[in-house]
Amino acid sequence: MKLERLQIQQFRNLQNVSLVPAAGLNVIYGVNGSGKSSLLEAIHYLGFGRSFRSARHQHVIQHDTDSFTVFCKTLDEASTKSAAIGYQRLRSGESIIKVNGEQLSRTSDLVKLLPVQIFTPISSEVIHGAPNLRRRFLDWGLFHVEQSFLALNGRYQQILAHRNALLRKGSFNSQGAFWDESLADSGEQVDKLRESYLERLLPYIYTNLSHFLPEFSFEISYHSGWDRSKSLAEVLKQNMPRDLKYGFTSQGPHKADLRVKADGIAAQEVLSRGQARMLMAALLLSQSQYLLQEKQKGCVFLLDDIGAELDAVKREAFIKELLKSSAQIFVTAVEKQHVDFVEDYKDKKMFHVEHGQVKEE
Ligand SMILES: Nc1ncnc2c1ncn2[C@@H]1O[C@H](COP(=O)(O)OP(=O)(O)OP(=O)(O)O)[C@@H](O)[C@H]1O
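Below, the structure is looked at part by part. (Residues numbered from 1 in each chain as written. Predicted model: local features only at pLDDT ≥ 70, side-chain atom pairs only at ≥ 80, totals over all residues. Heavy atoms only, no water.)

1. Description of the overall build of the protein
Point 1. Looking only at helices and strands, the protein has 11 helices and 15 strands in total.
Point 2. For the protein, the C-alpha radius of gyration of 22 Å lies close to 21 Å, the compact-globule estimate for 361 residues.
Point 3. Burial statistics for the protein: of 361 residues in total, 53% are counted as buried.
Point 4. Sequence separation of at least 24 residues holds for 71% of the intrachain contacts in the protein that already meet a minimum separation of 6.
Point 5. Split by element, the accessible area of the protein, about 16500 Å² in all, is 49% carbon and sulfur.
Point 6. Computed over 45 positive and 42 negative side-chain charges, the inter-centroid distance for the protein is 5 Å. (Helix = DSSP H or I, 4+ residues; strand = E, 2+ residues; numbered from the N terminus. Rg over C-alpha atoms; globule rule 2.2 N^0.38 Å. Buried < 20%, exposed > 50% of the residue type's maximum accessible area, 1.4 Å probe, protein only. Contact = heavy atoms within 4.5 Å. Areas by Shrake-Rupley, 256 points an atom, 1.4 Å probe, with all protein chains shown as cover. Lys, Arg positive; Asp, Glu negative; His and termini not counted. Charge placed at Lys NZ, Arg CZ, Asp CG, Glu CD.)

Here it is in structure tokens:
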């Protein structure tokens, strides 16, 4: 999937920006505070319906205005179909999403149209941080190749919330069996999809890691969130006294994790920050490659401040592989010379950002 045209209005300091990106590499450069990350953030809204750096939509809307709008024209290279996607967020909180002029009611319908991945200075938190970040990584890819996953996981989360509410009230006994059965059923399905997705993704991850971090031997495993020698139904039943005591469901797919070992030790314990970033780069690249293989779809890849993130050799290796995976890349840099390696790439465009104005060179 490629962005053929992008228009951004009243988004942070971007008053009215219009650009025609290259299908391959796009370099966005400009001094601190000029609006580079805001441009990536606007594209992120098209891929996720949210920002990657602010939980509050209001903060993104330009001061003294009532809404922001991001519009793009996309081209699906496999089907050669194009689409016009518009996302508007009002200060009142409402969002208006339109695809080819028709309004969509759910953000997830927007999300499935445009696979966007992002690599920022904090991406390696996925390695160091809590399991929910690694689940989110896995679920993003799964959602794009297996669209039934979204509804299934949504159902699981809904039943889980209901079960937890009953546990907190201590009124589980009368309706408990029904909810446990439903939770176990959808939970087992979520788990199978995740496990099978990771199994298919792993060959890509190991190949990328053998290029990016050849000094380590990696071992990546999926943990379901409960003891897999038992069924989820059994575990829910067994955990009931504890769950009732604490008022939440202690085990299940909502506790799943992806564990990474480097030379037999937990990756977060042994990798340097730069190595953890490279591990993250390998994971993201693998999803991009797998999506291309399975769905003939390229990702839109946002690389924020990559010059500060990776050394020159690693940065080039990452970008080269991303372009091979048919990704359309948007990379930001403070100085043009931080990205002088782009000289080697033909299909590229340079954009200079100054005080919220974006000019193609
Ligand atoms: N809601 C808003 N309305 C108007 N301007 C805003 C709003 N939110 C942030 N800004 C300003 O918009 C500018 C855009 O910042 P942005 O983070 O995109 O810059 P950047 O070029 O990525 O900088 P850096 O290189 O420091 O990361 C900043 O000057 C910021 O103060």
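The discussion continues.
2. Concerning the sheet that holds strand 15 (residues 357–360)
Point 1. Pairing is mixed across the open sheet formed by 6 strands, whose spatial order is 8-12-13-3-14-15. Here the strands that pair on one side only, and so sit at the sheet edges, are strand 8 (116–119) and strand 15. For this sheet the average axis-to-axis angle between neighbouring strands, irrespective of direction, equals 20 degrees.
Point 2. Here strand 8 runs beside strand 12 (residues 300–303); their pairing, made up of 4 bridges, is parallel. Residue pairing across strands places I118 opposite L302, the latter belonging to strand 12.
Point 3. Most of the contacts of helix 11 (residues 312–324) go to strand 12, to which it runs at about 165 degrees, and overall it touches strand 3 (25–29), strand 8, strand 12 and strand 13 (328–333). (Pairing = 2+ DSSP bridges. Axes fitted to C-alpha atoms, helices over the stretch in contact; angles between N-to-C directions.)

3. Description of the site of the ligand
Point 1. By nearness alone, 16 residues border the ligand, and G33, K36, S37, S38 and R53 come closest of all.
Point 2. The side chain of K36 places a nitrogen or oxygen atom 2.7 Å from an oxygen atom of the ligand.
Point 3. Contact between the ligand and H59: a nitrogen atom at 3.0 Å from a main-chain N or O atom of the residue.
Point 4. In isolation the ligand offers 660 Å² of accessible surface; the protein chains occlude 70% of this area.
Point 5. Given that more than half its atoms are within 2 Å of the pocket grid, the ligand belongs to the second largest pocket.
Point 6. With 3 residues, the single largest contributor to the shell around the ligand is helix 1 (residues 36–48). (Near = heavy atom within 4 Å. Polar contact = N/O pair within 3.5 Å; in protein donor to acceptor, adjacent residues only side chain to side chain. 1 Å grid on protein atoms, 1.4 Å probe; cavity = no way out; pocket = protein on both sides within 12 Å on 5 of 7 lines; lining within 4 Å. Sits in = over half its atoms within 2 Å of the grid points.)

4. Looking at the sheet that holds strand 9 (residues 218–223)
Point 1. Read across the open sheet, the 3 strands follow the order 9-10-11; overall the sheet is antiparallel. Since the sheet does not close on itself, it has two edges, and those belong to strand 9 and strand 11 (265–266), each with one partner.
Point 2. Docked against the sheet, helix 7 (residues 176–212) engages strand 9 and strand 10 (257–262), running at close to 170 degrees with respect to strand 9.

5. Concerning helix 1
Point 1. Its 13 residues give helix 1 an end-to-end C-alpha distance of 19 Å, which sits within 8% of 18 Å, the value for a rise of 1.5 Å per residue.
Point 2. Among the 13 residues in helix 1, 13 count as buried, and that is most of the element.
Point 3. Downstream of helix 1 by a residue or two, G49 has a phi angle that is positive, lying close to 70 degrees. (Expected span 1.5 Å × (residues − 1).)

6. Quick word on the packing of helix 5 (residues 131–145) against helix 10 (residues 273–295)
Point 1. Remark: helix 5 packs on helix 10, axes separated minimally by 10 Å, with the N-to-C direction vectors making an angle of 10 degrees. With respect to helix 10, the element helix 5 is oriented roughly parallel. Mapping the contact onto sequence places F137, L138, W140, G141, H144 and V145 in helix 5 and M280, L283, L284, Q287, Y290, L291, E294 and K295 in helix 10.
Point 2. Looking at the contact of helix 5 with helix 10 residue by residue, the class counts come to 9 nonpolar, 3 polar and 2 charged. (Parallel < 35°, antiparallel > 145°, perpendicular 65-115°, else oblique. Nonpolar A, V, L, I, M, F, W, Y, C, P; charged D, E, K, R; others polar.)

7. Concerning unusual backbone geometry
Point 1. Phi at Q10 is positive, roughly 55 degrees, even though this residue is not glycine.
Point 2. Topologically, Q10 is positioned in strand 1 (residues 2–11).
Point 3. Even without being a glycine, T80 presents a positive backbone phi close to 60 degrees.
Point 4. Within the secondary structure layout, T80 lies in the loop between strand 4 (67–75) and strand 5 (82–90).
Point 5. You can call T80 exposed: its relative accessible area is 61%.

8. Comments concerning the pairing of strand 5
Point 1. Of the pairings in the sheet, the one linking strand 4 to strand 5 comprises 9 bridges and is antiparallel in character. Within strand 5, the position partnered with V70 by the bridge is Y87.
Point 2. Direction of pairing for strand 5 relative to strand 6 (residues 95–99): antiparallel, over a ladder of 5 bridges. Bridging across to strand 6, R89 finds its partner in S95.

9. Side note on the layout of surface pockets
The method is simple in principle: a probe with the dimensions of a water molecule rolls over the atoms, and the space it marks as empty is what remains.
Point 1. Of the volumes computed, that of the largest pocket is approximately 990 Å³.
Point 2. Along the walls of the largest pocket sit 34 residues, with H44, F48, R50, R136 and F137 positioned nearest its centre.
Point 3. Only helix 1, helix 3 (107–111), strand 8, helix 4 (125–128), helix 5, helix 6 (148–169) and helix 10 provide two or more residues apiece to the lining of the largest pocket.
Point 4. In terms of residue count, helix 5 provides more of the lining of the largest pocket than any other element does, 8 residues in total.
Point 5. Residues of the lining of the largest pocket, tallied by class, amount to 16 nonpolar, 11 polar and 7 charged.
Point 6. In this model, the second largest pocket occupies a volume close to 160 Å³.
Point 7. In terms of lining residues, the second largest pocket is bounded by 13 residues, among which G33, G35, K36, S37 and R53 are the most central.
Point 8. When residues of the lining of the second largest pocket are assigned to their parent elements, the largest contribution, 3 residues, is made by helix 1.
Point 9. Residues belonging to the lining of the second largest pocket are distributed by class as follows: 1 nonpolar, 8 polar and 4 charged. (Points joined across faces, edges and corners; volume = space filled by probe spheres on them.)

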